[in-house]
Structures are given as C-alpha cells and as structure tokens.
Amino acid sequence: MEHLLSPATLAELRRPRPYPAVSVLTPTHRREPDNAQDPVRLRNVLAEARKQLESDPAVTRERRIDVVEQLEQALTEVDLAHAEDGLAIFAAPGEHQVWSLARTVPERVVLSDTFLTRNLVAAQAAESPFWVLTVSADRIALWSGGGHVVEAATAGFPLTRSLEDPDAERQERVGDVPSTFRDEQMRHFLRDADTALAGVLRSAPRTVYVAGEQSALSLLGEVGTVTRDAVHVPHGGLGHAGAEAVWQAVRPLVTAEHLRLIDTVTLELESAKGRREFAAGVDEVWQNATAGRVRLLVVEENYRVTVRDDGGDHLVPAGSDDLDARDDIVDEIVEQCLETGAEVRFVPDGTLAEAEGIAGVLRY
C-alpha cells in the first residue's frame with residue numbers, strides 16, 4: 001500500500017484516464033474490535049464498484065473486464081492488519097493503486113475520467129508531513145513522516161558506502177587514522193546527501209529533522225546547506241534502524257513543533273480579524289476558497305459536515321441521504337486551498353469553537 005504522496009505523484013493521479021477511472025473509498029480502523037468489520041466492508045464496496053461497472057452502458061465489455069481485474073489485484077495488496085483510518089483504491093484500464101490514509105474517508109464509489117484525490121490531499125495535509133534524515137557513517141536514509149514514518153526510496157536514498165579503507169594499515173603505522181566523521185570520504189558522503197535532500201525539498205518542501213551522532217550533525221552543517229536550517233536530533237544508531245525506532249526518536253520534537261504551530265496559527269487568526277481578512281464557518285470559507293482568496297486555512301482535526309448547494313452561492317446543512325449531499329466538503333475545501341497556494345493547518349478539536357470548526361486568513 002502507498003503512503004508517500006508527493007506533488008509529482010498527485011499530478012500523476014490527477015491525469016485524465018480512459019473511462020472508467022474507478023475510485024473506491026472506505027473507512028478502516030486501526031484497532032480491535034472496530035477493525036473486525038473492515039474486511040466485510042471492503043468486499044461490499046468493491047462489489048458495488050463491480051455492479052456500477054456492469055450497469056454503465058458507457059463501459060465496454062473489454063474495459064469492464066480489465067478494470068475488474070485491476071480491482072481484484074488491488075484487493076490482494078490491501079494490508080488490513082496494518083490499516084490506518086481510511087483506504088483509497090484507484091483502478092483504470094491497465095493500472096491500479098492502493099493508498100492507506102491517516103484520516104477517515106466517506107464510503108464512496110466514483111466512476112469518472114480522473115481519480116478522486118481530494119481525500120488523499122486532505123489526509124496528507126492533516127498529517128503535517130515532514131522529512132527525517134538519519135545519518136550514520138555508512139548509511140544515510142530519508143524518511144517521510146506524518147502520524148508515523150516510512151522510509152522514502154527517492155532521489156537516490158538510502159545512500160550507502162563501505163567503511164573498509166584499503167589504506168588503513170599504512171595510516172595506522174604513521175599515526176594518521178582519521179576520525180570516522182572527519183575523513184574526506186565522509187565529507188563527500190554527507191555533501192552528496194545534502195545535495196540529494198535539496199532536490200527532494202524543491203519538489204516537496206517540508207520541515208526536516210536530521211538524526212545522528214553529534215559529530216555527524218556538526219560535519220553535515222559544515223559541508224551542507226539545506227540541513228543547516230533543519231531540526232537536529234542528536235541520536236545515534238538510527239542509520240540501520242526501523243521505522244518505529246526513528247519515529248520514537250523524533251516524536252517529542254515533532255509534537256513540540258506541532259504545539260508551537262498551533263499557537264502561531266491562533267495568533268494569526270486573531271490578527272486577521274483585526275484586519276478584516278478573516279473568514280469563519282464552512283459556507284464563508286468555501287466561498288473564499290473557490291475565489292482563491294484564502295491564504296491560510298485552519299481546520300479542526302475531526303471536523304466534518306455534510307452540506308448541499310442551496311441553488312445559489314451558499315452551502316446549507318444536509319442529511320447524508322440527500323441526493324445532492326456533499327459529505328466530504330471539508331476535504332474539497334482543503335484541496336481547493338492547496339491548489340491555489342494556501343497553507344493548510346489542522347488543529348485539535350475545540351480550538352476553533354467560535355468559528356464552527358473551520359476558519360481562513362484571506363489574501364485580501
């Protein structure tokens with residue numbers, strides 16, 4: 001299952017496909033007893049997808065068989081034992097993808113000429129994604145973080161080198177054995193990592209945490225550029241560590257940074273009120289988001305509301321069984337804001353009580 005959503009990946013997912021491009025969304029659960037319902041629910045929603053394919057006159061028999069096979073292959077790749085809060089399956093002629101999301105999604109089946117990506121975008125934004133660079137003498141790895149971390153095999157990462165020095169015996173005889181983190185080969189190794197990370201940040205800018213022995217962090221700051229502004233985590237032994245060890249090493253700093261950002265966001269919302277550059281409530285924020293006026297969107301982590309268009313320019317509350325109901329309007333707003341270059345921040349429930357769960361700082 002996929003976890004790492006980069007701008008390039010998102011652009012590829014949004015690319016038009018030959019009809020039908022099928023998007024299957026279903027909520028999942030991390031723990032017992034709730035996760036017991038996940039296998040049945042997944043089978044049911046995939047059965048609904050097959051039913052829609054069979055009943056759609058615009059889908060040829062050849063394409064229906066192809067897409068159904070893609071859905072069946074996707075099902076074999078789903079790992080419900082390590083499920084998060086939501087699951088997205090995309091299938092089109094000749095391709096399929098499975099995405100695990102750290103944010104709940106509505107149960108939906110959509111046939112279109114593009115995949116439904118708004119829930120992926122909202123899930124990524126809610127995680128406040130970051131990068132972790134783990135540095136050791138022989139291995140430098142890059143990790144993508146949110147509510148957890150996964151190793152990112154991108155831009156040449158992980159970088160590795162051999163610690164065997166064919167000239168070590170001569171150096172030892174003359175008393176010129178360099179420190180592990182001071183020799184010239186190590187400087188080149190760290191410089192390569194810094195350059196590779198710079199390329200990653202150009203396409204996917206995030207906060208960066210760099211973890212390693214203090215001597216390695218100091219040298220990296222000397223030879224590199226992008227890591228100078230990173231958050232340093234003096235913690236050795238992570239070069240070959242697993243995801244859980246890396247997450248536990250950076251988690252306290254990630255939590256502290258998240259709390260700092262909540263305070264910063266709260267102050268910015270208050271300042272925007274004084275400048276009359278403030279929007280609150282789903283209808284007002286939606287209007288400004290569609291006009292591209294939102295500079296900063298702030299949403300409570302579990303805020304969801306079902307609405308419908310009142311036939312004019314406003315959204316009104318609706319029941320989930322209404323034919324024209326939009327039960328993922330918050331995720332639509334998040335995606336729309338990100339499309340227009342806005343910053344999106346999620347805050348704990350109750351932070352935006354006066355704004356009814358969602359607020360925005362406007363550009364003008």
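In this text the structure is predicted, and so the values were computed from the model without any measurement.

In this section: the overall build of the protein. Counting secondary structure elements, the protein contains 10 helices and 16 strands. If you line up the protein on its principal axes, its C-alpha atoms span 85 × 60 × 40 Å. The long-range share in the protein, meaning contacts at least 24 apart out of those at least 6 apart in sequence, stands at 67%. For the protein, the computed accessible surface area is about 17,800 Å², with 48% contributed by carbon and sulfur atoms. The positive charge centre, built from 37 side chains, and the negative charge centre, built from 61, are 3 Å apart in the protein.

Here we come to the sheet that holds strand β4 (residues 108-112). In space, the four strands of this open sheet follow the order β3-β2-β1-β4, with antiparallel pairing throughout. Since the sheet does not close on itself, it has two edges, and those belong to β3 (95-101) and β4, each with one partner. On average, each strand axis in the sheet is inclined to that of its neighbour by 10 degrees, with strand direction left out of account. In this structure, strand β1 (residues 21-27) lies alongside β4, joined through five bridges in antiparallel fashion. Across the sheet, V22 pairs through a bridge with L111, a residue of β4. Of the strands in this sheet, β1, β2 (86-92) and β4 are in contact with helix α2 (residues 38-55), which crosses β1 at around 155 degrees.

Right, let's talk about a negative patch on the surface for a bit. Together, D309, D310, D313 and D324 line one region of the surface with negative charge. With respect to the secondary-structure elements, D324 resides in the loop between β14 (315-317) and α10 (329-339).

Let us now look at the packing of aromatic side chains. The full count for this structure, using the stated rule, is three aromatic pairs. Consider the rings of F90 and F115, whose centres lie 4.8 Å apart with planes at 20 degrees: the pair is stacked. Within this pair, whereas F90 is found in strand β2, its partner F115 is found in the loop between β4 and α4 (118-126), the two being separated by 25 residues in sequence. For F90, a relative accessible area of 0% gives the class buried. Looking at F115, the relative accessible area reads 5%, which means it is buried. Relative to W247, the ring of F130 lies with its centre 6.3 Å away and its plane at 15 degrees, an arrangement referred to as stacked. Residue F130 is located in strand β5 (residues 130-135), and its partner W247 is located in helix α8 (residues 243-275); the two are separated by 117 residues in the primary sequence. Look at W247 and you get buried, because its relative accessible area is 11%. Among the aromatic residues, those joined into a ring-pair cluster are F130, Y209 and W247. The ring of W131 carries R206 above its face, with NZ or CZ at 4.0 Å from the centroid.

Within the element layout of this structure, A126 appears in helix α4. The partly exposed category is assigned to A126, whose relative accessible area is 25%. Put simply, A126 and R345 are 219 residues apart on the chain and 7.0 Å apart in space, counted from C-alpha to C-alpha. In contact with A126, other than residues within four places in its own chain, are R103 and F346.

The sheet built from four strands is open, its strands ordered β11-β16-β12-β15 with mixed pairing. The open sheet has two edge strands, β11 (278-280) and β15 (343-347), and neither has a second partner. Across the sheet, the axes of successive neighbouring strands diverge by a mean angle of 20 degrees, strand direction being ignored. Bridge analysis of β11 against strand β16 (residues 358-362) gives three bridges, and the strand direction is antiparallel.

With that out of the way, let us pick up α4. Along α4, seven of the nine residues are buried, which leaves the element largely enclosed by surrounding structure. Considered for burial, the residues of α4 that qualify are R118, N119, L120, V121, A122, A123 and A125. With its phi angle positive at about 45 degrees, S128 sits one or two positions after the end of α4.

Residue Y19 is joined to P20 through a cis peptide bond whose omega torsion reads 5 degrees. By the secondary structure assignment, P20 is in the loop between α1 (7-14) and β1. Geometrically, the link from F157 to P158 is a cis peptide bond, its omega value of 0 degrees lying close to zero. Position of P158 relative to the elements: it lies in the loop between β7 (149-151) and β8 (159-160). Although it is not a glycine, E356 adopts a positive phi angle of roughly 65 degrees. Mapped onto the fold, E356 is located in the loop between β15 and β16. Overall, the relative accessible area of 58% leaves E356 in the exposed class.

A separate point is the pairing of β3. With seven of its seven residues buried, β3 lies for the most part within the structure. The alternating pattern of β3 places E95, Q97, W99 and L101 on one face and H96, V98 and S100 on the opposite face, and all of these are buried. In this structure, the hairpin formed by β2 and β3 is closed by a connection of two residues, where G94 is found at a positive phi of approximately 85 degrees.

Considering the arrangement of structural elements, one finds A318 in the loop between β14 and α10. Taking C-alpha positions, A318 is 31 Å from I262, a pair spaced 56 residues apart along the chain. Setting aside anything within four residues of it in sequence, one finds A318 in contact with T306, V307, R308 and A325.

What counts as what
Residues numbered from 1 in each chain as written. Predicted model: local features only at pLDDT ≥ 70, side-chain atom pairs only at ≥ 80, totals over all residues. Heavy atoms only, no water. Helix = DSSP H or I, 4+ residues; strand = E, 2+ residues; numbered from the N terminus. Contact = heavy atoms within 4.5 Å. Areas by Shrake-Rupley, 256 points an atom, 1.4 Å probe, with all protein chains shown as cover. Lys, Arg positive; Asp, Glu negative; His and termini not counted. Charge placed at Lys NZ, Arg CZ, Asp CG, Glu CD. Pairing = 2+ DSSP bridges. Axes fitted to C-alpha atoms, helices over the stretch in contact; angles between N-to-C directions. Patch = residues over 30% accessible without salt bridge, like charges linked within 9 Å, V, L, I, M, F, W, Y side chains within 5 Å. Salt bridge = Lys/Arg side-chain N within 4 Å of Asp/Glu carboxyl O. Phe/Tyr/Trp six-rings, centres within 6.5 Å; stacked < 30°, edge-to-face > 60°. Buried < 20%, exposed > 50% of the residue type's maximum accessible area, 1.4 Å probe, protein only. Lys NZ or Arg CZ within 6 Å of the ring centre and 35° of its normal.

Purely geometric numbers; function is a separate question.
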